[in-house]
Amino acid sequence: MIQKRAAVLQVLRESEGHLQADEIYRRVKEKYPGVVLATVYNNLHALCEAGLIRHIPTMEGADFYDKTVTPHEHAVCSVCGKLMDADLEDFEAVLRQHTKLPILHYDLILHTVCSQCEKA
Ligand SMILES: [Zn+2]
Ligand SMILES: [Zn+2]
C-alpha cells in the first residue's frame, strides 16, 4: 500500500506536472501490473490530504492532479484539454484588495488554446 502510494507520487513528480487519474493509473500499472484504479484514486486522495499534491477540478473532463502545491493558477486548452500553469504573480493580493469578503480559497481556471492546438 505504502509502496503504491510512493509510486503514485513518483509518477506525478516525474511527469510534466499535471496528470489525470487514468494516465497516472496507466503509468503506475507499468510498475505494478496488479494495481486497480480504485487504489490509485485512494492514494491520490491520501496524497492530497497530506498536502503532497494538489487536486485541480476542471470543467472540461476529468480532474487533474498537480505535483506543484505552492499557490499558482491554471489555464486549460479548450481544444485538447491540456492543463498548464498560469502564474499570475500577485493575483491573490489583488483579490484581497478589491473584495470586502474574507477569501478562504479560490478556484480560477483560464480557458485558452495551447500553442500546439493553435498551430494545428
Ligand atoms: Zn491544446
Ligand atoms: Zn499547476
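**Regarding the overall build of the protein chain**
- Helices and strands together make up the secondary structure of the protein chain, namely five helices and six strands.
- For the protein chain, the α and β elements follow one another from N to C terminus as α-β-α-α-β-β-β-β-α-β-α.
- Overall, the C-alpha framework of the protein chain stretches about 50 × 40 × 20 Å when taken along its three principal axes.
- In the protein chain, which comprises 120 residues, the share counted as buried stands at 31%.
- Residue pairs at least 24 apart in sequence account for 47% of intrachain contacts in the protein chain once pairs closer than 6 positions are excluded.
- A total of about 7,900 Å² of accessible surface is found on the protein chain, and carbon and sulfur atoms cover 55% of it.
- Averaging the positions of the 13 positive and the 17 negative side-chain charges in the protein chain gives two centres separated by 7 Å.

**A few points about the coordination of the zinc ion (ligand 1)**
- Around the zinc ion (ligand 1), the protein contributes the donor atoms Cys 77 (SG), Cys 80 (SG), Cys 114 (SG) and Cys 117 (SG), at 2.3 Å from the metal centre.
- For the zinc ion (ligand 1), the four donor atoms are set out with angles of 104 to 115° between them, so the coordination reads as tetrahedral.
- In primary-sequence terms, the residues that donate to the zinc ion (ligand 1) follow C-x2-C-x33-C-x2-C.
- Judged by its relative accessible area of 0%, Cys 77 falls in the buried class.
- For Cys 80, a relative accessible area of 46% translates into the label partly exposed.

**So, helix H1 (residues 2-13)**
- The end-to-end C-alpha separation of H1 is 16 Å, in line with the 16 Å expected for twelve residues at 1.5 Å each.
- Of all the residues in H1, the buried ones are Ala 7, Val 8, Leu 9, Val 11 and Leu 12.
- Close packing links the buried residues of H1 with strand E1 (18-20), helix H2 (21-31), helix H3 (37-49) and strand E3 (64-66).

**Side note on the environment of Thr 39**
- You can see Thr 39 is positioned in helix H3.
- Separated by 32 residues in the primary sequence, Thr 39 and Pro 71 place their C-alpha atoms 27 Å from one another.

**Some points on the pattern of salt bridges**
- One pass over the full model with this rule turns up five salt bridges.
- Glu 23 serves as the salt-bridge partner of Arg 26, at 2.8 Å between the closest nitrogen and oxygen. With a gap of three residues between them, Arg 26 and Glu 23 both fall in helix H2, about one helical turn apart.
- We note a salt bridge from Glu 23 to Arg 27, for which the minimum N-O separation is 2.7 Å. With Glu 23 and Arg 27 both in helix H2 and four residues apart, this pair spans about one turn of that helix.
- Ionic contacts of the salt-bridge type, sharing partners, join the residues Glu 16, Glu 23, Arg 26, Arg 27 and Glu 30 into one network.

Scoring rules and cut-offs
Residues numbered from 1 in each chain as written. Chains lettered and ligands numbered in written order. Predicted model: local features only at pLDDT ≥ 70, side-chain atom pairs only at ≥ 80, totals over all residues. Heavy atoms only, no water. Helix = DSSP H or I, 4+ residues; strand = E, 2+ residues; numbered from the N terminus. Buried < 20%, exposed > 50% of the residue type's maximum accessible area, 1.4 Å probe, protein only. Contact = heavy atoms within 4.5 Å. Areas by Shrake-Rupley, 256 points an atom, 1.4 Å probe, with all protein chains shown as cover. Lys, Arg positive; Asp, Glu negative; His and termini not counted. Charge placed at Lys NZ, Arg CZ, Asp CG, Glu CD. Donors = N, O, S within 2.8 Å, 3.2 Å for Na, K, Ca; no water. Tetrahedral: all angles 85-135°; square planar, octahedral: opposite > 155°, others 65-115°. Expected span 1.5 Å × (residues − 1). Salt bridge = Lys/Arg side-chain N within 4 Å of Asp/Glu carboxyl O.

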